[in-house]
Structures are given as structure tokens and as C-alpha cells.
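What follows is the residue order along each chain.
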Amino acid sequence: MMGIHLVMGIHLAFFASTLPEIPALPESGMPFETDTAMRDHFSPVDEGYSALDMATAQAVAYVRDAQSTTLPGLSNRPDADAARRTLIAVDSACDMPQSWLDYHGIVVSQRRLKLPSGTEQETRASSALVDQFQRLDRLAQVVGQTSPAKPVEMRDVMQRQIRSGTQGALFIATSARQSKVFSYALAAMQSLVLIHGKVRRVIDPSSPPLRGWVIDSANALTGVGILVAEAVRLRSLGHPAASIAAQLREFRSAIHTLAVPGHFGYLARTAKSLEGHTIPLWKRRLAQWFDLMPTLHLSDDKVRAITRHRGRAEACNALLRRLDQLLEHEPLATPTLAISYAGPIEAIEDLPAFETLRARCNRQHVTLVLSPMSVTGALMLGPKALSVSFASHTWSG
């Protein structure tokens, strides 16, 4: 989850239009360093040691058995060979449509959800997501928890899509300072590289080794989706995995996520569970009485409130108008605009500002991706929350 940084932004948004920079704290118990110098560090040549290691004979059997016969969405595609050479994986909290992920052959590691209805895996299927949002919205209290897949599960889901011709694997993770996805993916990727190193030395010593990278997106929700879209674009242009990884590290600071929360109670619960920080009830009540809805800006692991409006509908319309003005005056760094909503997406399509924005995107050849928000996002921002992400090297809010 985006965690306490986002919640503290809400905490002050009622009284100030901007916030000071909120320091990001390392997550306790993380087995890997996540500072700027180390957060993407993984040496694909020096394989090292993995707690998930296995003997060579066992590794050969694992690679043989844990492999699909087809890559979904890639049959007869002009970029199919590039997709087979470079695997791209992401966590299910990435707010992109399942159809888009399937079409581009993106591997999705599913998070676990603990909801009143039981424990289940997070899905990107639209109908199931909308049903979960509606159930959450009907409940009077704040409920539900989410957690990333275990490292061995992440490794297995990536392995099922690796072929003998796969040369690189990229896992694009939610912000390392706000989620355990990054550290778990590091363990999974190291294990995967170790296993394939053994197998390829036995089967064909002349074959190139599998190399792996885990990229800290320094963002969340649709912001991760924009980074995945850029990785797909670079891959389709023929860039190898090492080049894609290097360019993503430079590119991520240009990604901006703007969000309108749907329920302050979920943010308050997140703050309390992560660091024992309690947002005073009177401040939450004040926001409800005056129907004040802030718009939050997340970029490069920093969060601030940039504006506030009376009512959720007006806040959402204002956010979409802001994006339309952005497109009118400057080009995006990558031609994709991602929008997610914790509810039926028709509610966004019916907004007057959305139709205007969609028309401008069509005129300027910008791909507008509209998707249900992940349940992880809904448990962080609340039902009926809106998230929008884009990339710009010059926009500052």
C-alpha cells in the first residue's frame, strides 16, 4: 500500500493546499536495502545464494514441469519474439485492465485479500472487482486487508512464462518504501536466475544466461501501470531487457499519480495499522461535514495535496479537466494516460469532463486506459476513489 505518506497528506489537506515533503521510512523487517543507491540493485551475473535454492536435478525438473505451453495474447503478434525474449511481470495492484495485460503478455503476481466474505486472490477481472467495490461500499465499517504473494509464488508465476529463448526478466514493483512487493520480488528473481543458471549450464552450456531486474516504481496503482506501459513500448521497439531496466529507472521520476480518495476511514485505518498514527476523529468529521475532498499528487515517493473541492463528483470532474488542460499545453513523456476507479467505470465515463478528455486523447494520439481500480487500491483509498497517472518531465502540479 502507499501507506502512511498518503494518509498524512489527507491529514493536512483540509487546511493547506500544499504539503511539505514527507520522509519515507524503510519498512521494518525488509531483507534488502531500499535506499536510492540500492533499491534496484541486483547483479544478474553474480548469482550468489538464495534461500529458495534447489539442487541441479531438482532445478531441471522444476523448469520442465512449471512451464506453460503457450504465452497468452502473443500468438501471431509482430512483437511476439521480443515478448518471449524479455518477460515483464507486475503485482496485481497495478491498475491496468486484465485484457491489456493479457494482450501484452504481462505476468501478474496475485495478492491475497482478506475480506468479510473470506480469503481470496486479487483479480483484475472487471465484474469481480466491481462486485467487491459495491460490497465494501455497503458496509458501514472499514474492513479488509491485502498482502503480496510470497516470493516462491512470485517465482513460480514468472517461471510458467519463461522459455528457452527468454534472455531477461523484469519485475516492476509498487514503491519499495510503501510495500513488501519489491523485497519479495527480489528474492523471487534471485531464485529464478539461480535455477536457470544451473539448468542452462546442464542442458546447453553455450546458451546465454537468464538475467533479471526488479524495478522500484516509486509509485503505486495507475503509476505502476504507466511504467509497465513504457516497458512494453520499449520492448516492442527492440530494446533488450538491460536497456529497458536502465531507461525505466530514469523514467520513473517523470510519472505522476493524482488521486481523489473515496473514504477517509480507510486512510485512517492504514495510518494506524502501519505506524500507530491516528488521524483525529474531529478532522475526519470536519471533512465529512463540509464535504471536502482533496486531490493528492504522488511522484517519486513523495505525496502532497494539491487542491480540494466540495464533493467527490466535483473533485473527479476537476481532476479530469486538469488533465485536459495538461494535454492542451504540453506533450506527455509516453503516449499513455491511465485511469482507475473503485467502482463501475461507467460512473467515470458519464462525467462531462471525461468525454472532453477522451476526445482530446483521440486527437493527440494518446492511449487512454480506463480500468477498475485494484482491490488493494480500494482498501487504501476507499470505494469510489479515482486514480489517474501520466508521465511528464516538466509538469509540477
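Predicted, not measured: the structure shown is a model, and the values here were computed from it.

Procedures and definitions
Residues numbered from 1 in each chain as written. Predicted model: local features only at pLDDT ≥ 70, side-chain atom pairs only at ≥ 80, totals over all residues. Heavy atoms only, no water. Helix = DSSP H or I, 4+ residues; strand = E, 2+ residues; numbered from the N terminus. Expected span 1.5 Å × (residues − 1). Buried < 20%, exposed > 50% of the residue type's maximum accessible area, 1.4 Å probe, protein only. Core = buried A, V, L, I, M, F, W, Y, C linked by side-chain atoms within 4.5 Å. Contact = heavy atoms within 4.5 Å. Pairing = 2+ DSSP bridges. Axes fitted to C-alpha atoms, helices over the stretch in contact; angles between N-to-C directions. Left-handed = near helix turned anticlockwise from the far one by under 90°. pLDDT = per-residue confidence, 0-100.

Attention now moves to helix H8 (residues 222-236). Every α-helix carries 3.6 residues per turn, so stepping three or four residues along brings you back to the same face. With 15 residues, H8 extends 21 Å from end C-alpha to end C-alpha; this agrees with the ideal 21 Å at 1.5 Å per step. For H8, the buried fraction is high: 13 of the 15 residues fall into the buried class.

The next thing to look at is the nonpolar core. Ranked by size, the top nonpolar core spans 29 residues in total, and within it Val90, Trp100, Ile106, Ile172, Val228 and Leu248 carry the most contacts. Within the residue set of this core, elements represented by two or more residues are strand S1 (86-91), helix H4 (98-103), strand S6 (168-173), strand S7 (211-216), H8 and helix H9 (241-251). At eight residues, H8 tops the list of elements feeding residues into this core. Apart from the residues lying within four places of it in its own chain, the contact partners of valine 228 are Ile88, Val90, Cys94, Trp100, Ile106 and Ile172. Membership of the second largest hydrophobic core comes to 27 residues, among which are Cys316, Leu319, Tyr341 and Ile348.

Looking now at the sheet that holds S7. Spatial strand order, S2-S1-S6-S7: four strands in an open sheet with parallel pairing. For this open sheet the edge positions go to strand S2 (107-109) and S7, each flanked by a neighbour on one side alone. Going across the sheet, the axis of each strand differs from the next one's by a mean of 20°, ignoring polarity. The strands touched by H8 are S1, S6 and S7; relative to S1, the strand with the most contacts, the crossing angle is about 175°. Along the sheet, H9 contacts S1, S6 and S7; its crossing angle with S7, the most-contacted strand, is approximately 15°.

Another aspect to go through is the packing of H8 against H9. One way to put it is that H8 packs onto H9 with a least axis distance of 10 Å and a crossing angle of 145°. Note on packing geometry: the crossing formed by H8 with H9 is right-handed. Of the residues in H9, those in contact with Ile226, Leu227, Glu230, Ala231, Leu234 and Arg235 of H8 are Ile244, Gln247, Leu248 and Phe251.

Glancing now at the sheet that holds strand S3 (residues 112-115). Read from one edge to the other, the open sheet built from three strands follows the order S4-S3-S5, with strand pairing classed as antiparallel. Edge positions in the sheet fall to strand S4 (118-121) and strand S5 (145-147), since each of these pairs with one other strand and no more. Across the sheet, the axes of successive neighbouring strands diverge by a mean angle of 20°, strand direction being ignored. Here S3 pairs with S4 via four bridges, running antiparallel. Counted as the bridge partner of arginine 112 is glutamine 121 from S4.

With that out of the way, let us pick up the confidence of the model for the chain. For the chain, mean pLDDT is 78; residues scoring 70 or higher make up 74% of the total. Per-element averaging of pLDDT across the chain places helix H1 (residues 4-13) at the bottom with 38 and strand S11 (residues 336-341) at the top with 96. Of the regions scoring below 50 in pLDDT, residues 1-39 engages in 104 contacts with residues more than four places distant in sequence or in other chains. Low confidence marks residues 41-48, where pLDDT is under 50. Its contacts with residues over four positions away, or in another chain, come to 17 contacts.

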